[in-house]
Amino acid sequence: MADDKFFDLKIITPNRIFYEGKASMIELNTSEGQIGVYKKHIPLTTIIQPGVAVITEGDTKREAALHAGFMEITQEKVTILAEVAEWPEEIDRNRAEEARVRAERRMQMRDPNINLARAEMALRKALIRLELADHVNEKK
């Protein structure tokens, strides 16, 4: 593997440095759609939307759930500040399923006191966790 194709990737959450290492590519959701980043990408700052991020480390791919944040891209480095980042093994599938059910109920209630945008975001996060957990279980 040639070093010239790797860039520094750092994913930081309020609780920890989630990931720090060399990557040849990262794919994730942004406010403008899905993006793939390689070394020497044009400089960019963008908003991250909840989704599954795929980190390519040469021949290896790792998946993680990212929930909202910001990403700064330079030609040699990508820094992500994420609200939440989780590896598949950190996801409690039962808890994610319960969160999905709660969010769907809130959205169906038609109660004017319910913050619909917040319920939709909770549903999106639960679905991402479930997608990642299920995807990893399929590989086993």
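This report concerns the structure included in the present document. (Residues numbered from 1 in each chain as written. Predicted model: local features only at pLDDT ≥ 70, side-chain atom pairs only at ≥ 80, totals over all residues. Heavy atoms only, no water.)

**Section: the nonpolar core**
So, step 1. One finds Leu9, Ile11, Ile26, Leu28 and Ile80 to be the most contacted residues of the largest nonpolar core, which totals 22 residues.
So, step 2. The set of elements that each furnish at least two residues to this core consists of strand 1 (7-12), strand 2 (17-23), strand 3 (25-30), strand 4 (33-37), strand 6 (51-57), strand 7 (60-73) and strand 8 (77-86). (Core = buried A, V, L, I, M, F, W, Y, C linked by side-chain atoms within 4.5 Å. Buried < 20%, exposed > 50% of the residue type's maximum accessible area, 1.4 Å probe, protein only. Helix = DSSP H or I, 4+ residues; strand = E, 2+ residues; numbered from the N terminus.)

**Focus on unusual backbone geometry**
So, step 1. The phi dihedral of Lys40 falls on the positive side, at around 70°, and the residue is not glycine.
So, step 2. Within the secondary structure layout, Lys40 lies in the loop between strand 4 and strand 5 (44-48).
So, step 3. Take Lys40: its relative accessible area is 53%, and that puts it in the exposed class.
So, step 4. For Ala68, which is not glycine, the phi torsion reads 60° and is therefore positive.

**Notes on the packing of aromatic side chains**
So, step 1. Tallying each qualifying case throughout the model produces two aromatic pairs.
So, step 2. Summarising the aromatic geometry, the rings of Phe18 and Trp87 are spaced 4.4 Å apart at their centres and angled 25° between planes, so their arrangement reads as stacked. Taken together, the residues Phe18 in strand 2 and Trp87 in the loop between strand 8 and helix 1 (93-108) connect sequence positions 69 residues apart.
So, step 3. Exposure remark for Phe18: the relative accessible area of 7% places this residue in the buried category.
So, step 4. Relative to Trp87, the ring of Tyr19 has its centre 6.3 Å away and its plane inclined at 65°; by these criteria the two rings are edge-to-face. Taken together, the residues Tyr19 in strand 2 and Trp87 in the loop between strand 8 and helix 1 connect sequence positions 68 residues apart. (Phe/Tyr/Trp six-rings, centres within 6.5 Å; stacked < 30°, edge-to-face > 60°.)

**Comments concerning the pairing of strand 3**
So, step 1. When strand 3 meets strand 6, the two strands line up antiparallel, connected through three bridges. Within strand 6, the residue paired with Glu27 across the bridge is Val54.
So, step 2. Two successive antiparallel strands, strand 3 and strand 4, enclose a turn made up of two residues. (Pairing = 2+ DSSP bridges.)

**Quick look at a positive patch on the surface**
So, step 1. A surface patch of positive charge is lined by Arg95, Arg102, Arg106 and Arg118.
So, step 2. Sort the elements by how many residues they give to the positive patch and helix 1 lands first, with three residues.
So, step 3. Relative to the assigned elements, Arg106 resides in helix 1.
So, step 4. For Arg106, a relative accessible area of 31% puts it in the partly exposed group. (Patch = residues over 30% accessible without salt bridge, like charges linked within 9 Å, V, L, I, M, F, W, Y side chains within 5 Å. Areas by Shrake-Rupley, 256 points an atom, 1.4 Å probe, with all protein chains shown as cover. Salt bridge = Lys/Arg side-chain N within 4 Å of Asp/Glu carboxyl O. Lys, Arg positive; Asp, Glu negative; His and termini not counted. Charge placed at Lys NZ, Arg CZ, Asp CG, Glu CD.)

**Examining the pairing of strand 1**
So, step 1. Only one face of strand 1 is buried: it carries Phe7, Leu9 and Ile11, and the other face, with Asp8, Lys10 and Ile12, is open.
So, step 2. Inspection of the sheet shows strand 1 paired to strand 2 by six bridges, in the antiparallel sense. Looking across to strand 2, one finds that Lys10 is bridged to Glu20.
So, step 3. Count of turn residues in the strand 1/strand 2 antiparallel hairpin: four residues.
So, step 4. As paired strands, strand 1 and strand 8 are joined by five bridges and run parallel to one another.

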